[in-house]
Amino acid sequence: MEKFITHPPLLVHSSLSQLRYLILSEGIPLPQEVEEKSTKNVQRVRCYVWSILSRTSMERCTHHYLSLLQLGPPPQPILQKIKNDTSRTLQTDGKFRTVVTEEALIRCLSCFAWETEKRDYNDKYIVQNEVEVSTYVQGMNVLLAPLLYSCPSESMAFQLFTTLCYRIIPTYLTRSLVGAQNGSKLLDMCLRIIDPKLSKYLADNLLTAEIYGMPSILTLSSCNKPLDQVCKLWDFMFAYGFHMNVLFVVAQLVTIRNKIFQSESPMNLLRQLPDFDADEIIRLGVGFIAKIPTDLYDLLIKHMTEPDITIIE
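The rules behind the values
Residues numbered from 1 in each chain as written. Predicted model: local features only at pLDDT ≥ 70, side-chain atom pairs only at ≥ 80, totals over all residues. Heavy atoms only, no water. Axes fitted to C-alpha atoms, helices over the stretch in contact; angles between N-to-C directions. Helix = DSSP H or I, 4+ residues; strand = E, 2+ residues; numbered from the N terminus. Parallel < 35°, antiparallel > 145°, perpendicular 65-115°, else oblique. Left-handed = near helix turned anticlockwise from the far one by under 90°. Contact = heavy atoms within 4.5 Å. Nonpolar A, V, L, I, M, F, W, Y, C, P; charged D, E, K, R; others polar. 1 Å grid on protein atoms, 1.4 Å probe; cavity = no way out; pocket = protein on both sides within 12 Å on 5 of 7 lines; lining within 4 Å. Points joined across faces, edges and corners; volume = space filled by probe spheres on them. Salt bridge = Lys/Arg side-chain N within 4 Å of Asp/Glu carboxyl O. Buried < 20%, exposed > 50% of the residue type's maximum accessible area, 1.4 Å probe, protein only. Phe/Tyr/Trp six-rings, centres within 6.5 Å; stacked < 30°, edge-to-face > 60°.

Caption draft 1: The packing of helix α8 (residues 140-150) against helix α9 (residues 154-168), seen in detail. Their axes nearest at 9 Å, the elements α8 and α9 cross at an angle of 130°. Between α8 and α9, the crossing angle belongs to the class labelled oblique. For α8 against α9, the interelement crossing comes out right-handed. Each of Met 140, Leu 143, Leu 144, Leu 147 and Leu 148 in α8 lies in contact with α9, whose residues at this interface are Glu 154, Ala 157, Leu 160, Phe 161 and Leu 164. Across the contact of α8 with α9, the residue classes break down as 9 nonpolar, no polar and 1 charged.

Right, dumping it as structure tokens:
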């Protein structure tokens, strides 16, 4: 894979297909699967793969990031919201805390706030299908976490973060979080098809996806553990689409269905999903696609970028 990404492609579309296949067949190794001295190399490869798949240009990204840093902290209300969340970002993940500092989170999120203000000022704030991305909403800190963890520099993580927010999931980051709300509805619908018994059990206990699934939906599963396995899910989703996150959350529920049935307090179990294996979740999630009606699958794709879709549960 490293050899592949260091050579310019002859044909973009066929090369992207090859890269997607390499992710599916080989995967990107996790840091603990290689020697300590190779960890940075894995980090670099993952970042480059994500940038290629998302068509994120890294040209002059350092210059752009530094220019935003020079603006200083954003207005106090926004800065305070950011700081309230960064101190809690993956706070139980010791490995993340050794790789990513709270200061890096604050810097990146502050730069994003300025970037959004600049786009607003230049009438470029409406980024796709008339979606207004907010300067900051709760959950952005957790979305940023895998990027800072997986990129060799803050500027590269920031560049990928702007692509994620503006182009891939803009409806998730509006003031009303309309995309994430729709994602929760779609989660309920998909679970009803894939595991009717589990779906009914949760409904009987008044547990809708809007109650238990919003963190996993809004953060594209990055609130779940372990982070290295989250990164493997993101490898697949950068390659094949982040709409797959809804099916991956369904897969996580299916893998713990017996524990849910046996639990005296299912909500406590669902509040923080148990550690998962990305390969198992990907295998299950991909298998679910055949069970999903075409019109529902189309909604899975559209809900991340189109705020006005109609979802009839």
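Caption draft 2: Looking closely at the environment of Ala 203. Summarising the element assignment, Ala 203 is placed in helix α11 (residues 196-204). Along the chain, Ala 203 and Asp 188 lie 15 residues apart, while their C-alpha atoms are 9.2 Å from each other.

Caption draft 3: Looking closely at the layout of surface pockets. The space that makes up the largest pocket amounts to roughly 710 Å³. Taken together, 31 residues make up the lining of the largest pocket; nearest its centre are Arg 88, Val 142, Pro 215, Cys 223 and Gln 272. Breaking the lining of the largest pocket down by element, the ones donating at least two residues are α8, α12 (209-212), α13 (214-218) and α17 (266-271). Of the residues assigned to the lining of the largest pocket, the class counts are 14 nonpolar, 12 polar and 5 charged.

Caption draft 4: Expanded view of the packing of helix α4 (residues 61-69) against α9. The interhelical angle for the contact between α4 and α9, taken along N-to-C directions, is 90°, at an axis separation of 9 Å. Taken as axis vectors, α4 and α9 run roughly perpendicular relative to one another. Within the contact between the two elements, α4 uses Cys 61, Thr 62, His 64, Tyr 65 and Leu 68 and α9 uses Glu 154, Ser 155, Met 156, Phe 158 and Gln 159. Looking at the contact of α4 with α9 residue by residue, the class counts come to 5 nonpolar, 4 polar and 1 charged.

Caption draft 5: Structural view of the pattern of salt bridges. Summed over all chains, the structure comprises 7 salt bridges. The salt bridge involving Arg 46 is made with Asp 235; its shortest N-O contact spans 2.5 Å. Of the two residues, Arg 46 is situated in helix α3 (residues 39-53) and Asp 235 in helix α14 (residues 227-240); the sequence distance between them amounts to 189 residues. Classification of Arg 46 by relative accessible area gives buried; the value is 3%. Taking the shortest distance from any N to any O, the salt bridge between Arg 257 and Asp 195 comes out at 2.7 Å. Linking Arg 257 in helix α16 (residues 257-262) with Asp 195 in the loop between α10 (178-194) and α11, this pair joins segments that are 62 residues apart in sequence. Taking relative accessible area as the criterion, Arg 257 reaches 21% and is therefore assigned partly exposed.

Caption draft 6: Expanded view of the packing of aromatic side chains. Tallied over the full model, the rule gives 11 aromatic pairs. Where Tyr 65 meets Phe 158, the ring centres are 5.4 Å apart and the plane angle is 45°; that geometry is what we call tilted. Here Phe 158 lies in helix α9 and Tyr 65 lies in helix α4, a separation of 93 residues in the sequence. Residues Tyr 65 and Phe 158 agree in their burial class; the two are buried. Judged by centre distance (5.1 Å) and plane angle (85°), the ring pair of Tyr 201 and Phe 261 falls under edge-to-face. Remark: Phe 261 occurs in helix α16 and Tyr 201 occurs in helix α11; sequence separation between them is 60 residues. Since its relative accessible area comes to 22%, Tyr 201 is described here as partly exposed. Each residue in the set Trp 50, Trp 234, Phe 238 and Phe 242 is aromatic and connected to the rest through ring pairs, giving one cluster.

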